[in-house]
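Spelled out from the first residue to the last, the chains are:
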Amino acid sequence: MKQLLLTNWHFMRFLRVGLAVFLFVQAYITHEWFFIAFGLFFLFQALFNLGCGPNGCNVNYDKKK
């Protein structure tokens, strides 16, 4: 778990953290608390490196026999 959180940081992970922080601040300023759900979504993606990475959303179609 520690290795997952501390390694392989790239531009998209930093962007997601930045977007999450932005949404948290906007939720606080505008009192639109629904933005927190979106912020948590992006923060969860960034921390656990989920979603599309820097290489896109490729699906491995190789079938091993």
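Above this text sits the structure in question.
Since this is a predicted model, take the numbers as computed values, not measurements.

Caption draft 1: Up close: the environment of Arg13. Within the fold, Arg13 resides in helix H2 (residues 11-30). A C-alpha to C-alpha distance of 4.8 Å links Arg13 and Ala46, two positions 33 residues apart in sequence. Not counting residues up to four positions away in its chain, the partners in contact with Arg13 are Leu4, Leu5, Thr7, Asn8, Ala46, Leu47, Phe48 and Asn49. At 2.8 Å, the side chain of Arg13 and the backbone oxygen of Ala46 are in polar contact.

Caption draft 2: Inspection of a nonpolar patch on the surface at higher detail. On the surface, Val21, Val25, Tyr28, Ile29 and Trp33 cluster together into a nonpolar patch covering about 550 Å² of accessible area. Along the chain, the position of Trp33 falls in the loop between H2 and helix H3 (35-48). Exposure remark for Trp33: the relative accessible area of 47% places this residue in the partly exposed category.

Caption draft 3: Quick peek at H3. Here H3 spans 20 Å end to end across 14 residues, near enough to the 20 Å set by a 1.5 Å rise per residue. Considered for burial, the residues of H3 that qualify are Gly39, Gln45 and Ala46. The buried residues of H3 all sit within an arc of 125° when viewed along its axis, so they share a single face. Packing partners of the buried residues in H3 comprise H2. One or two positions beyond H3, positive phi appears at Asn49, with a value near 55°.

Procedures and definitions
- Residues numbered from 1 in each chain as written.
- Predicted model: local features only at pLDDT ≥ 70, side-chain atom pairs only at ≥ 80, totals over all residues.
- Heavy atoms only, no water.
- Helix = DSSP H or I, 4+ residues; strand = E, 2+ residues; numbered from the N terminus.
- Contact = heavy atoms within 4.5 Å.
- Polar contact = N/O pair within 3.5 Å; in protein donor to acceptor, adjacent residues only side chain to side chain.
- Patch = residues over 30% accessible without salt bridge, like charges linked within 9 Å, V, L, I, M, F, W, Y side chains within 5 Å.
- Areas by Shrake-Rupley, 256 points an atom, 1.4 Å probe, with all protein chains shown as cover.
- Salt bridge = Lys/Arg side-chain N within 4 Å of Asp/Glu carboxyl O.
- Buried < 20%, exposed > 50% of the residue type's maximum accessible area, 1.4 Å probe, protein only.
- Expected span 1.5 Å × (residues − 1).
- Arc of directions from axis to C-beta.

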